[in-house]
Amino acid sequence: MIVAERKPMAEIVEMVQDCKKILVLACRGCVTVCSAGGEREAEILSSLIRLGMKKAGKSIEITTGSLVRQCDREYIDEIDQWDGQYDAVVSTACGVGVNFISNLRKDTMVYPALNTTFFGGSAEQGEWTEQCAGCGDCVLHLTGGLCPVARCAKSLMNGPCGGSVDGKCEIHRDVECIWQSIHDRLASFDRSAQMEVIAPIRDWSTAGHGGPRKVVRDDLTV
Ligand code: SF4
Ligand code: SF4
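Labelled according to an unreviewed UniProt entry, the protein appears under the name Putative Methylene-tetrahydrofolate reductase, originating from Desulfocapsa sulfexigens.

Participant: What should I look at first to understand the overall build of the protein in this one?
Facilitator: Summing up its helical and strand segments, the protein has seven helices and seven strands in all. Scaling as 2.2 N^0.38, a compact globule of 222 residues should have a C-alpha radius of gyration of about 17 Å, whereas the protein reaches 22 Å, well beyond that. Taken along the three principal axes of its C-alpha coordinates, the protein extends 65 × 45 × 25 Å. The burial tally for the protein puts 38% of its 222 residues in the buried class. Residue pairs at least 24 apart in sequence account for 59% of intrachain contacts in the protein once pairs closer than 6 positions are excluded. Positive and negative charge centroids in the protein, built from 24 and 30 side chains respectively, lie 4 Å apart.

Participant: Sorry, what's going on with the domain arrangement of the protein here?
Facilitator: A common way to state how big an interface is: give the accessible area lost once the parts meet. Partitioning the protein into domains gives domain 1 (2–118) and domain 2 (133–196). In this structure, domain 1 and domain 2 have C-alpha centres spaced 38 Å apart.

Participant: Sorry, what's going on with the pairing of strand 7 (residues 127–132) here?
Facilitator: In the sheet, strand 6 (residues 114–124) pairs with strand 7 via five bridges, with the strands oriented antiparallel. When the bridges of strand 7 are listed, S122 appears paired with W128. If you look at the hairpin formed by strand 6 and strand 7, you'll find two residues sitting between the two strands, and G126 has a positive phi there, around 80°.

Participant: It is not clear to me how the site of ligand 1 should be interpreted in this structure. Could you clarify?
Facilitator: Taken together, C132, A133, G134, C135, C138, V139, L140, C147 and V149 form the complete shell of residues around ligand 1. When the residues that make up the shell around ligand 1 are grouped by side-chain class, the tally is eight nonpolar, one polar and no charged.

Participant: Where do I start with the sheet that holds strand 1 (residues 2–6) in this structure?
Facilitator: Hydrogen bonds along the backbone pair up the strands of a sheet, which may run parallel or antiparallel. Strands sit in the order 1-6-7 across an open sheet of three strands; the sheet is antiparallel. Only two strands of the sheet have a single partner each, and these edge strands are strand 1 and strand 7. Taken pair by pair, the neighbouring strands of this sheet meet at an average axis angle of 70°, ignoring direction. As paired strands, strand 1 and strand 6 are joined by five bridges and run antiparallel to one another. Bridge pairing in strand 6 places I2 opposite F119.

Participant: What is the right way to read helix 5 (residues 95–104) from this model?
Facilitator: Three or more residues of helix 5 are buried, namely G97, V98 and I101. Angular distribution of buried residues about the axis of helix 5 spans 100°; they occupy a single face of the element. Residues of helix 5 that are buried sit in contact with strand 2 (21–27), helix 4 (73–76), strand 4 (88–91) and strand 5 (110–112).

What counts and what doesn't
- Residues numbered from 1 in each chain as written.
- Chains lettered and ligands numbered in written order.
- Predicted model: local features only at pLDDT ≥ 70, side-chain atom pairs only at ≥ 80, totals over all residues.
- Heavy atoms only, no water.
- Helix = DSSP H or I, 4+ residues; strand = E, 2+ residues; numbered from the N terminus.
- Rg over C-alpha atoms; globule rule 2.2 N^0.38 Å.
- Buried < 20%, exposed > 50% of the residue type's maximum accessible area, 1.4 Å probe, protein only.
- Contact = heavy atoms within 4.5 Å.
- Lys, Arg positive; Asp, Glu negative; His and termini not counted.
- Charge placed at Lys NZ, Arg CZ, Asp CG, Glu CD.
- Domains from an automatic or database assignment.
- Pairing = 2+ DSSP bridges.
- Near = heavy atom within 4 Å.
- Nonpolar A, V, L, I, M, F, W, Y, C, P; charged D, E, K, R; others polar.
- Axes fitted to C-alpha atoms, helices over the stretch in contact; angles between N-to-C directions.
- Arc of directions from axis to C-beta.

Shown next as structure tokens:
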């Protein structure tokens, strides 16, 4: 899922300084799962914005709502139910949601309440870690299912770099060296020979280095 966290309140309050009424819009997708931008967090955010504005000597009308997903045009039309109730939207979706509403609602100013952080998962309560960088050319079949792009500090395709100590990365001593883990995992499947195969120079154009990416599925287009 996409993992995100709320921006500092001072930053959010600053965004809406000139607004008289806003719609705080939650997303019931990934950001609900990572407890950053679901309905509960949107209600809390609304209260905090009210308090922040009061502190600044201003008042603001806030409507709080939610969409099933803000990254899907199928659900964006549901915003119409709040027409006239806001002069800006504060979205608690990830950056995709903010972009999507901005793309599809030319007259609606949308402010981001979250910092979108990475694609990851929750291994422990209250803790999320990055697992995939969306590189567009997955190599997990070669690396024991562990991602060197997102999880190696240097995104090495031929690791380890030689700097790891006791299985920890030389860049972050509290983080596993993923290449050590790849080595150990391949060995456990009797596939250590894979470590000897030199990965060729990689074409990073699929990873967004060539501008915004697009996926078109002919079988799904009409
Ligand atoms: S290799 Fe690329 S697509 Fe596969 S998990 Fe890593 S970043 Fe994601
Ligand atoms: S120590 Fe391991 S994870 Fe860290 S940069 Fe080197 S190869 Fe990558």
